[in-house]
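# Remarks on the overall topology
Each chain, letter by letter, is given below.
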Amino acid sequence: MSPILIFSRGSKMAAPKGTVPGVVVLLLLLQGCTVMTVDLYSSNTNPEVQEFQRVELSCVIKQTNTGNPRIEWKKINNTGTSYVYFDGVIQGDLKDRAEIKGSSSLVIHNSRRTDNGKYRCEVAAADDPKRFAEITITLTVTVKPVIPQCRVPKSVPVGKSAALYCQEKEGYPSSVYSWYRNGDALPVDSKTNPKFLNSSFTVNTSTGTLMFAAVNKGDMGQYYCIATNAAGSAWCESQLLEVYDLNIGGIVGGILVVVVVLVLITVGICCAYRKGYFANNSRPNGQSHKNPSKTDGVNYLRTSDEGDFRHKSSFVI
């Protein structure tokens, strides 16, 4: 049976007789490594919480060689690293919404969507900063979708394509969309469900678009959409999509009637011109019927009492 070494604080270590020196050295090294270790653990490294709720970022000191370790929390994002808890004070956006629980866990009250991201808990021995440990925790703050905006065309002719839209931008993570017709859930592809084989639609669950390649009478009905994510779901009010037959004969007949009317109007105008209804009624030689012609050398003066007064250039008073 191998001998067991017993270490006590403040006492010298004594090896039993017959102990191999190499074993003593190895045990001393192991003891040194143990003393140098700061051990951390977390009960949940991927916490998830709904917006405005309380969440705890667990960081527990399992072992350390000092009674007053240095504790820091940092948030890691695309632009760099920022302090959340430093020198015993909550920093930044969490200043009035967070606190340290126990010795090192971070509790966030009234969480917000901006709190999403990675957080790093760092604990170091007070007397030797080189002895430290860290844990990275990824926080997800979910946001319930709002009522999506749905757009459904009021009427579409048979055989034509049609698109129905559904979208909301508040939910986090991004919403997944599903469409319903008369209360029945529509599959992603109509060809995958025998109930909808006569239809020709596809549903994009990421964008919320319901696309018909060619609508038919069976596609008419009440449509609504539901947006769903980890925090909940929301839906819009149902809207009626009407499908009508396209009357080709009536359209052609209407066009022919318009053409005939235009031809008759044109012929009537031409006949009126030929018969002189639009001719100029002015007298020959450009003389107006209101003004008599005037001979050379004679001037006419118009007065209110006498009318035209004739005089010649040789008239002398």
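To be clear, the structure that these remarks concern was listed above.
Summarised in this report is the structure supplied together with it. (Residues numbered from 1 in each chain as written. Predicted model: local features only at pLDDT ≥ 70, side-chain atom pairs only at ≥ 80, totals over all residues. Heavy atoms only, no water.)

With that settled, consider the sheet that holds strand E17 (residues 201-204). Pairing is antiparallel across the open sheet formed by four strands, whose spatial order is E12-E14-E18-E17. Either end of the sheet is taken by a strand with one partner, and the two such strands are strand E12 (149-151) and E17. Strand-to-strand twist of the sheet, defined as the mean angle between neighbouring strand axes without regard to direction, takes the value 10 degrees. Sheet topology places strand E14 (residues 162-167) next to strand E18 (residues 209-212); three bridges connect them, and they run antiparallel. Considered in E18, the bridge of Ala162 is made with Phe212. (Pairing = 2+ DSSP bridges. Helix = DSSP H or I, 4+ residues; strand = E, 2+ residues; numbered from the N terminus. Axes fitted to C-alpha atoms, helices over the stretch in contact; angles between N-to-C directions.)

Glancing now at the state of the cysteines. Tallying each qualifying case throughout the model produces three disulfides. Paired through a disulfide, Cys166 and Cys225 show a sulfur-sulfur distance of 2.1 Å. Here the disulfide of Cys166 and Cys225 is left-handed, its torsion about the S-S bond being about -75 degrees. You can see Cys166 sitting in strand E14 and its partner Cys225 sitting in strand E19 (residues 221-229), a full 59 residues away along the chain. In terms of burial, Cys166 and Cys225 fall into one category: buried. As a non-bridged cysteine, Cys270 has Cys271 as the owner of its nearest cysteine sulfur, 6.9 Å distant. According to the relative accessible area criterion, Cys271 is partly exposed, its value standing at 37%. (Disulfide = S-S within 2.5 Å. Buried < 20%, exposed > 50% of the residue type's maximum accessible area, 1.4 Å probe, protein only.)

Read from one edge to the other, the open sheet built from three strands follows the order E3-E9-E8, with strand pairing classed as antiparallel. At either end of the open sheet lies a strand with only one pairing partner, and these are strand E3 (55-57) and strand E8 (98-101). Neighbouring strand axes in the sheet, compared pairwise and without regard to direction, differ in orientation by 25 degrees on average.

On to a nonpolar patch on the surface. There is a patch of nonpolar side chains on the surface, built from Val257, Val258, Val261, Leu262, Ile265, Ile269 and Tyr273 and spanning about 670 Å² of accessible area. Counting through the fold element by element, Tyr273 comes out in helix H2 (residues 248-274). (Patch = residues over 30% accessible without salt bridge, like charges linked within 9 Å, V, L, I, M, F, W, Y side chains within 5 Å. Areas by Shrake-Rupley, 256 points an atom, 1.4 Å probe, with all protein chains shown as cover. Salt bridge = Lys/Arg side-chain N within 4 Å of Asp/Glu carboxyl O.)

Taken as a whole and assessed by the stated rule, the structure comprises 13 salt bridges. Here Glu72 ties to Arg70 by a salt bridge, and the two come within 3.4 Å at their closest N and O atoms. Glu72 gets classed as buried once you look at its relative accessible area, which sits at 7%. Note on Arg70: relative accessible area 40%, which makes it partly exposed. A salt bridge links Arg113 to Glu170; the shortest N-O distance between them is 3.2 Å.

This part covers the side chain of Ser175. Mapped onto the fold, Ser175 is located in the loop between E14 and strand E15 (176-181). In terms of polar contacts, Ser175 uses its side chain to reach the side chain of Glu168, at 2.5 Å. Each residue touching Ser175, except ones within four places of it in the same chain, is listed here: Pro145, Glu168, Thr205, Ser206, Ala227, Thr228 and Asn229. (Polar contact = N/O pair within 3.5 Å; in protein donor to acceptor, adjacent residues only side chain to side chain. Contact = heavy atoms within 4.5 Å.)

What follows concerns the environment of Leu139. Examined against the element boundaries, Leu139 turns out to sit in strand E11 (residues 128-142). For the pair Leu139 and Thr45, spaced 94 residues apart in the sequence, the C-alpha separation amounts to 8.1 Å. Those residues in contact with Leu139 that lie beyond four places of it in its chain are Pro47, Val49, Val55, Leu57, Ile108, Asp115, Asn116, Gly117 and Tyr119.

Grouped together as the largest cluster of nonpolar side chains are 24 residues, with contacts concentrated most on Leu57, Trp73, Ile108, Tyr119 and Leu139. Elements supplying a minimum of two residues to this core: E3, strand E5 (70-77), strand E6 (80-86), strand E9 (105-108), strand E10 (117-125) and E11. With five residues, the top contributor of residues to this core is E11. Beyond its immediate chain neighbours, meaning those up to four positions away, Tyr119 contacts Leu57, Trp73, Lys74, Lys75, Val84, Leu94, Ile108, Ile135, Thr136, Ile137 and Leu139. Val152, Tyr177, Trp179 and Leu210 belong to the second largest nonpolar core, which has 21 residues in total. (Core = buried A, V, L, I, M, F, W, Y, C linked by side-chain atoms within 4.5 Å.)

Everything listed here is a matter of geometry and, on its own, says nothing about what the molecule does.
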